[in-house]
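Survey of secondary and tertiary structure
The chain contents come next:
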Amino acid sequence: MAKKYVYSFGGGKADGNESMKNLLGGKGANLAEMAGNKELLLPVPPGFTITTEVCTYYYENKKKYPKELKEQVLKALEKVEKLMGRKFGDASNPLLFSVRSGARKSMPGMMETVLNVGLTEKTIPGLVKQSNGNSRFVYDAYRRLIMMYSDVVMEKAAGIEPKGEEGIRKQLERIMAEVKKSKNYASDTDLNVDDLEKLCDAFKAKIKDVLGKEFPDEPMEQLWGGIGAVFSSWNGKRAISYRRIENIPDEWGTAVNVQTMVFGNMGNDSATGVAFTRNPGNGENNFYGEYLINAQGEDVVAGIRTPAPINEYSTSSHNKELLRLEKAMPAIYKELHSIQNRLEKHYRDMQDIEFTIEKGKLFMLQCRIGKRNGPAAVRMAVDMVKEKLIKKEQAVMRVTPSQLDELLHPVIDPKAEMEHKPFTKGLPAGPGGANGQIVFSSHDAVEWAKTGKKVILVREETNPEDVEGMRASQAILTARGGMTSHAALVARGWGKCCIVGCSDMHVDIANKLVHVGDKTLKEGDWITLNGTKGNVYEGRLTMMDASEENMILSEFLKMCDGIRKLGVRTNADTPDDAAKARQFGAEGIGLFRTEHMFYGKGSDQPLFLLRKMIISKTVEERQKALDELFPFVKKDIKGTIAAMDGFPVVIRLLDPPLHEFVPREPAKLEELAKELNISMDELSKRAEGLHESNPMMGHRGVRLGVTYPEVSAMQIRAILEAAAELSKEGKHPYPEIMIPVVCDVKELEDQFAIAERIYKEVLAKYGLKKLKHLFGTMIEIPRAALVADKLAAVAKFFSFGTNDMTQMGFGFSRDDIGGFLPEYIKKGILPEDPFQSIDQEGIGELIKIGIKRGRSTNKSLEVGICGEHGGEPKSVEFCHNVGMNYVSCSPFRVPIAKLAAAQAVLKK
C-alpha cells in the first residue's frame, strides 16, 4: 500500500484525530477531532490535511513532493466536492478553498495563509450565482486572493526580495488606499463593485510589472502554489526566529490544511471572529472574544477595522460603542457559547477558537490550546484543578517556568511595547521591566533615588563598589559583560531588571552620555528596559504589575511542593534576602557569602576593619583587626540564621581574592594608613603585594584559611557562637560551614581541625552538650570531583559551585565570553551558554562522578548545587535526575526552581 500523505475531514467523519498532532500538526489534528469525534461533530467546513512528513520530504528532496501526493490530493478533493455538492474550478457552481499552515506546536502568525483559492475570471459568475447575485462580495473575495497570493506565493515563496523597502502587498495596499482617498471612503467596506473590479485589474497589472509574471487565473495552479508557499514559509525568517525562541525543532515541519471556504463577508448576516474559552490576559473563567460583521478572518488579525466584542465581558474602552454579537445575532451567540463549553470540557484546557458566520450559519474553522501570559497560566491551572477539570499533576505541567517568572516582576505593558522599537539590545540578565532616568555613577543613583526619582544605572560594566547604586536603581544597563557578570548575578539575586552586554552602546562616563550609532542620550533622559527580552527603549513606556496573583501563586506552589522530591534553598547574603526567600517557601539557605556583608547598607565600619585585616603585615596586627571585625560578622550571621529558624544555612567562608577589597579612593587609603600607623608608601607596597596575575586561581578560599588560620577561626567562631546564642534563646539554628576552592582532602583536614577545636570551645563557653551543624565543602574545581571519595571522608556535605566549575572545566573566563560565545552558539559549536544551563555532557559528567565517588565513602552525604544554575529549569531537572538533595538559587528564582523540580518528577 502507498504511504498515506493526505487525511480527510468533514461530513461527521475524519481520517485522523487529536492524538495525531505530530503527523497532522495541531490545526489538522484539531479539525479532525472537531469534525469526526462523536462527542463533538461540530460544523467544520470539510477539507483535508497534507501531513508534516510531506514537508520533511519537500526539504530533503529539493522542494519536490512524493509521487503519490498528487493522486491522494485529487481523491481528497473529490470527497469534499461530494460533501459540498460543488466542483473545484467549475464555472457555474465553484468550490473555493483556504490553504493554511499547521505545525504540531502553535506558531501563530509565523507562517502563511492563502484564502479564496479557486476564484478566477471563469468561476466568478458561478460564485455570484451562489451568493444570490452579490457581485460586491465576489469581487472583494477576488481582490483579497490577488493580494494574498501575489505576496505569499509569487514573492515570498519564490524567494524574490522586494526592490526598495516595499513588497508587492504594500504596493497593492497603497493602490487601494489611493482609490479610497480619491472617493472619500472611510473603510474597505465602502468600496463598490465597480471600484473592486477596477482594483482587481490594477492589481494584476502591478503584479506583472513588479514580479514579471501574470497572476495565475487557473484553480489547480493556485492550489498547488498555495500548498508550496505554506511549506516554504516553514523556513521563512519569522518562522525560524520563532522556533529559536520557542525551542521548536527545525525537523518537525508543518502540515498544510486545505479547507472549504466559508465567507464572513457575504453581507450583514455574515461575520468572522476569534474567541477564547477563558480570558488569556488574566485567566478569568469567562468567554472572551471579538468579531467583525461582513469581514474575512484576516481583517480581525490585521487590525484594519476595530473588532466588536462578542459579549459584555469582552467590552473595552476601544469597542464599547460597537454592537455585541450576543445582541446582533443572539441565536448564533448561544450556539457558539455552547460549542466553546463543549470544546473546553473535551480538551480540558483553554481553547483559542476561530469561527465564521456565513448567511446566518455558524462554522468552526479551528480550535487550539490558547496562548496565555504568566498570571493567566497560573490562575487557569489552579482554577481547573478546583473545577475538577484536570488533576494537580496536569496543572503543574501546564505552566512554564518563564510564565511563572512573569508573576514575580513588573512588566512592560505589551500594547505599549508593540508601538515602540528598541534602540539597542543586549543579554536579558534580570527579568521583568523597568523605566527610569539615566544616571552614570553609583553615587548619583543613590542621591537621585533619595529625592524620589526613578533611575537606571548605565555603566560600561559594574563592580562590587557599585552595589549601593545598583540597589537604588530600578534597573541596570551595561555595555559589557555576560549573563554571569557581576551586574547579571547581583540583579538576578535581587529579582531586579538588568540588561548586559549591549555591544553597540558606548558609555561616555566623563561627559555623561550614551551613544548608540547616531543616537545620543544624556543623563536624566528616560529609558525603558525589558529584562526578559533584552530590549532597551527610548522614553517612558507604561508598566504593569504582574504580581497581583500572589494568593494564586501560593496555591500553585503548594501543588508543586506536593509533587517534587528535590529540596529548594536560596542564595541569600542578608537577613532581608532570607526573609524574602522564606515568603517564596525556600527551605533553607544553600549559599550565604560572608564577603557580601562588606558591601551595601551599614557596611562602612566592617569593610574598613576587613581592609585593615587584609593590609596587616603581622599575625598580631591581623588578629587585632579580626577581633574588632568579629562582632559585626557574628551579628550578620546570627540575623540570617534566625530568619531561617529551623532550616539549614550553608555559610561559605571568605572566598574572593583579597585585593578586591582594597580601596581605590585616596581618602579611604589615607584613613587606612593612619589607623595602621604606617606611611602611604608602605600602604601602597602592601597593597601591591596582594596583586596577582590570575586572582581567580590565586590566593583565595581555603588557601586563605591555610595560610592565615586565624581568618578561618574568626569566621567559624562567629558562626558557632551565633548558633549557640540562638539555641539558648529557644531557636533552632542549623549552620552548615562550607570551605570553598578545595582541591585536596588535606586542605579540608587542616580546616576541620580548626573547626573541631572551636566547636569544643563554644560548647564549653555556652554550657551546651551539642550544637547541630555540618562541616562540608564546595566542589568547584574539576580535581575535587575526581577525588570526591577522599573529600567525603571529612566533609558531611558537598555543594557544587557550578559557575566556577564551568569556568575551569571549559577554560572560559565568564567575564570575557562576550567576544566569542554568541558566535559559538550561533554556529552551533555550543547548543547554549553553559553559564546559564549546566553543560550536561561535560560538566554534568564531573558532577555525576563527584556524587558517585562521594557517596561511595559516605552513603548519607548531603549534595546540593549553589551556582546560578540552581534556578534554571533544565539544570534543576538534571539535579533531580542525578540524585541531589537540593538546589539553591536567588530568592526570586525559588518558585521557578520548585516548579522545575516538580516537573522533573512528572517527566521522569
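A brief report on the enclosed structure follows.

Thresholds, definitions, all that
- Residues numbered from 1 in each chain as written.
- Predicted model: local features only at pLDDT ≥ 70, side-chain atom pairs only at ≥ 80, totals over all residues.
- Heavy atoms only, no water.
- Core = buried A, V, L, I, M, F, W, Y, C linked by side-chain atoms within 4.5 Å.
- Buried < 20%, exposed > 50% of the residue type's maximum accessible area, 1.4 Å probe, protein only.
- Helix = DSSP H or I, 4+ residues; strand = E, 2+ residues; numbered from the N terminus.
- Contact = heavy atoms within 4.5 Å.
- Pairing = 2+ DSSP bridges.
- Right-handed = clockwise from strand over helix to strand, strands pointing away.
- Arc of directions from axis to C-beta.
- Phe/Tyr/Trp six-rings, centres within 6.5 Å; stacked < 30°, edge-to-face > 60°.

**Regarding the nonpolar core**
Across soluble globular proteins, nonpolar side chains show a tendency to be buried alongside one another. Grouped together as the largest cluster of nonpolar side chains are 129 residues, with contacts concentrated most on Phe 556, Ile 637 and Met 884. Ranked by residue count, the leading element in this core is helix H27 (residues 709-728), at eleven residues. In contact with Met 884, other than residues within four places in its own chain, are Leu 566, Phe 800, Ile 847, Ile 851, Val 863, Gly 864, Ile 865 and Cys 879.

**Re the pairing of strand S17 (residues 433-439)**
Most of S17 is tucked away: seven of the seven residues are buried. Where S17 and strand S24 (residues 526-530) come together, five bridges link them in antiparallel fashion. Following the sheet pairing, Asn 435 is matched in S24 by Thr 528. Inspection of the sheet shows S17 paired to strand S18 (residues 455-459) by three bridges, in the parallel sense. Residue pairing across strands places Val 439 opposite Leu 457, the latter belonging to S18. With helix H17 (residues 442-450) bridging S17 and the parallel S18, this β-α-β connection has right-handed handedness.

**Structural notes on helix H9 (residues 237-246)**
Residues Ala 239, Tyr 242 and Arg 243 constitute the buried set of H9. Seen from one end, H9 has its buried residues packed into an arc of 100 degrees, which puts them on one side. Seen from the buried face of H9, the exposed residues on the opposite side, beyond 90 degrees, are Lys 237 and Ile 245. Buried residues in H9 make contact with helix H8 (219-233). One or two positions beyond H9, positive phi appears at Asn 247, with a value near 55 degrees.

**Let's talk about the packing of aromatic side chains**
For the coordinates displayed, the defined rule picks out 18 aromatic pairs. Ring geometry for Phe 48 and Phe 97: centres 6.2 Å apart, planes at 70 degrees, overall edge-to-face. Residue Phe 48 is located in strand S3 (residues 47-50), and its partner Phe 97 is located in strand S6 (residues 97-103); the two are separated by 49 residues in the primary sequence. A single burial state applies to Phe 48 and to Phe 97, both of which are buried. Ring centres 6.2 Å apart and planes at 35 degrees place the aromatic pair Phe 287 and Tyr 333 in the tilted group. Here Tyr 333 lies in helix H12 (residues 330-347) and Phe 287 lies in the loop between strand S9 (271-276) and strand S10 (288-293), a separation of 46 residues in the sequence. When its relative accessible area of 11% is taken as the criterion, Tyr 333 is described as buried. Taken together, Tyr 58, Tyr 59, Tyr 65, Trp 224 and Phe 231 form an aromatic cluster joined through their ring pairs.

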